[in-house]
Amino acid sequence: MLDPDPSHFDVAVIGAGPSGLVTGLACAALGLKTTIVGPVSNPQDGRSAALFQGSIQLLKNLNAWDALTSHAAPLKAIRLVDATGALIRAPEVTFHAHEIGWDAFGYAVPNGALTSALETAIATSAISRLTTQAVTAFDLTGGKAQITTSEDQKVSAQLIAAADGRSSPSRAAADIDCATWDYDQAAVVTTFEHSRTHGAISTEFHRRPGPLTVVPGPANTSSLVWVETPDEAQAIATLSDQAFAAALQKHLGGLLGNLTQFSPRRVFPLAGQTAKTLGKNRVALIGEAGHVMPPIGAQGLNLSFRDAAVLATLAAEVHSTSEDIGTQALLSRYDAARRADVTGRIWTIDLLNKSLLSDLLPVHLMRGAGLVAMQSLGPLRRRLMQEGMSPDYALPSLMREPSETVGSVQH
Ligand SMILES: Cc1cc2nc3c(=O)[nH]c(=O)nc-3n(C[C@H](O)[C@H](O)[C@H](O)COP(=O)(O)OP(=O)(O)OC[C@H]3O[C@@H](n4cnc5c(N)ncnc54)[C@H](O)[C@@H]3O)c2cc1C
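Residues numbered from 1 in each chain as written. Predicted model: local features only at pLDDT ≥ 70, side-chain atom pairs only at ≥ 80, totals over all residues. Heavy atoms only, no water.

**Student:** Go over the overall build of the protein chain, please, and point to the residues and values.
**Tutor:** Helix and strand counts for the protein chain come out as ten helices and 20 strands. Buried positions account for 54% of the 411 residues belonging to the protein chain. Sequence separation of at least 24 residues holds for 73% of the intrachain contacts in the protein chain that already meet a minimum separation of 6. Put simply, the protein chain shows about 17,400 Å² of open surface, and 56% of that area lies on carbon and sulfur atoms. (Helix = DSSP H or I, 4+ residues; strand = E, 2+ residues; numbered from the N terminus. Buried < 20%, exposed > 50% of the residue type's maximum accessible area, 1.4 Å probe, protein only. Contact = heavy atoms within 4.5 Å. Areas by Shrake-Rupley, 256 points an atom, 1.4 Å probe, with all protein chains shown as cover.)

**Student:** Which residues make up unusual backbone geometry, and what are the values?
**Tutor:** A positive phi angle is found at Asn281, which is not glycine, with a value near 50°. Its place among the elements puts Asn281 in the loop between strand 18 (279-280) and strand 19 (283-285). Although it is not a glycine, Arg282 sits at a positive phi angle of roughly 70°. Along the chain, the position of Arg282 falls in the loop between strand 18 and strand 19.

**Student:** Describe helix 6 (residues 241-252), naming the residues involved and giving the relevant values.
**Tutor:** Its twelve residues place the ends of helix 6 16 Å apart at the C-alpha level, agreeing with the 16 Å of an ideal helix rising 1.5 Å per residue. If you check which residues of helix 6 are buried, you get Phe244, Ala245, Leu248 and Leu252. The arc that holds every buried residue of helix 6, seen down its axis, measures 100°, which confines them to one face. Seen from the open side of helix 6, the exposed residues pointing more than 90 degrees away from its buried face are Gln242 and Lys250. Along its buried surface, helix 6 packs onto strand 12 (178-194), strand 13 (201-207), strand 14 (210-216), strand 15 (221-228), helix 5 (230-237) and strand 16 (259-260). (Expected span 1.5 Å × (residues − 1). Arc of directions from axis to C-beta.)

**Student:** Tell me what's going on with the pattern of salt bridges, and back it up with residues and numbers.
**Tutor:** When their charged atoms lie close together, side chains carrying opposite charge are able to pair. Taken as a whole, this structure holds 14 salt bridges when the rule is applied. A salt bridge links Arg166 to Glu288, with the nearest nitrogen and oxygen atoms 3.3 Å apart. With Arg166 in the loop between strand 11 (154-162) and helix 4 (169-173) and Glu288 in the loop between strand 19 and strand 20 (291-292), the pair connects residues that are 122 residues apart, well separated along the chain. For Glu288, a relative accessible area of 30% corresponds to the partly exposed category. Through salt bridges with shared partners, a single network forms among Arg306, Asp307, Arg338, Asp341 and Arg345. (Salt bridge = Lys/Arg side-chain N within 4 Å of Asp/Glu carboxyl O.)

**Student:** Report on the sheet that holds strand 3 (residues 48-52), specifying residues and quantitative values.
**Tutor:** Reading across the sheet, the three strands line up as 3-7-4 and stay open at both edges, with antiparallel pairing between neighbours. In the strand order of this sheet, the two ends are held by strand 3 and strand 4 (73-75), each with one partner. Strand-to-strand, the axes of this sheet are offset by a mean angle of 35°, without reference to chain direction. Alignment of strand 3 against strand 7 (residues 106-110), held across five bridges, turns out to be antiparallel. Following the sheet pairing, Ser48 is matched in strand 7 by Pro110. Of the strands in this sheet, strand 3 and strand 7 touch helix 2 (residues 53-61), which is tilted by about 95° from strand 3. (Pairing = 2+ DSSP bridges. Axes fitted to C-alpha atoms, helices over the stretch in contact; angles between N-to-C directions.)

**Student:** Tell me about a negative patch on the surface, residues and numbers included.
**Tutor:** A cluster of like negative charges, contributed by Asp182, Asp184, Asp231 and Glu232, occupies part of the molecular surface. For Asp182, the location among the structural elements is in strand 12. Relative accessible area serves as the criterion here: at 61%, Asp182 is assigned to the exposed category. (Patch = residues over 30% accessible without salt bridge, like charges linked within 9 Å, V, L, I, M, F, W, Y side chains within 5 Å. Lys, Arg positive; Asp, Glu negative; His and termini not counted. Charge placed at Lys NZ, Arg CZ, Asp CG, Glu CD.)

**Student:** Can you tell me about the site of the ligand, naming the residues and giving the values?
**Tutor:** The immediate surroundings of the ligand are formed by 32 residues, with Ser19, Ala50, Val135, Glu288 and Leu301 found nearest. Between a nitrogen atom of the ligand and a main-chain N or O atom of Val135, the distance comes to 2.8 Å. Contacts to the ligand include Glu288, whose backbone N or O atom sits 3.0 Å from an oxygen atom. About the coverage of the ligand: the protein hides 85% of its 1,000 Å² of free accessible area. Going through the elements one at a time, helix 1 (18-29), strand 3, strand 12 and helix 7 (300-319) are the ones with two or more residues in the shell around the ligand. Looking at the shell around the ligand residue by residue, the classes come out as 17 nonpolar, twelve polar and three charged. (Near = heavy atom within 4 Å. Polar contact = N/O pair within 3.5 Å; in protein donor to acceptor, adjacent residues only side chain to side chain. Nonpolar A, V, L, I, M, F, W, Y, C, P; charged D, E, K, R; others polar.)

Right under this line is the structure:
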């Protein structure tokens, strides 16, 4: 049947980073007429994301996983090492996926490979993909949202899924305030080869300036997230490969053997940000448009994938009744469904990060006591593992194996 209005959509996703591409695929998979509007992401992003089981299942359900398997590495264990130099040193804690009956917590996937696989899945589907430099104008005043791109292309939709990153022009157009704070920290990221096996274990060294994490990659490769003060991060990033390897080795202490073949290093300033609401004026916030946190515990993108699956599920539910999917009622349901997961994780990560930066002995004692409890109390360990990997409520069916009971969105 001929489309009566090819430039009008149920959902227009703004931003084609990992969150936007997944949101577009999720909405289309549930029968919503969807377009994704934004520039192609940088394939040399340099970061890898540790994606947990629900996120991996979502990628499988959206037919984007097969293209990623050769780039992905399983995460069978997560090790936390106290390298704060505090007076009282906390014990090393290792969480094994088999303790909660899983083969792996998830997989580490390079962001560049992830966005390429998602773009390929989109290109081979019926989803509209509008590659543009930017969306430059929004009209959110009528019975539908209208957007204009820098190339003067116009698109309208009932619902805008704003996945346009931490500075989100869509969020500003919808008049959504957010609280933003700075950590005076920056992360140096790179990937490298090493002579010893990583054993599919991700190791997070908790240091005073911030964590230093090595995440397993395919074969004998790992990706690194090394947090320092912004000045120190810049200085480290510009070292020669040899000097960089020596500086890194001081922290790893031979854990991975000889370190070689570093990819170009990139520096990401760390910040925290939370939007006052996740939905207003036909705009629902997804990913970093709604929440930003430091890279501790690999939560950011996993949270964004849950945003995507929940928004698509709620919108499809309303669409099946032929109602408008861009109303405040839908946006308030979305905000309510996501609020606890988003807020809980932002404040937990904030607390953990600040406990590293603190000079106060009681703070170090509390962090140490927490790690002792994690090491020795089986039920607490298992509870933390379950909660760290997925939230304490039923995930939407898009994030479950097709054979599993269909989960509802709780709110
Ligand atoms: C060092 C580091 C390590 C991390 N590790 C992990 C991890 O292990 N696990 C994890 O879950 N998370 C991790 N994260 C978090 C994760 O990388 C981010 O959450 C994720 O990359 C954000 O994706 P996004 O799509 O929301 O935003 P972005 O990737 O910023 O995408 C936003 C997109 O919107 C586009 N855009 C902006 N303005 C417009 C406009 N006007 N019109 C159209 N398009 C526009 C941009 O071009 C961009 O493509 C890490 C973060 C850092 C900094």
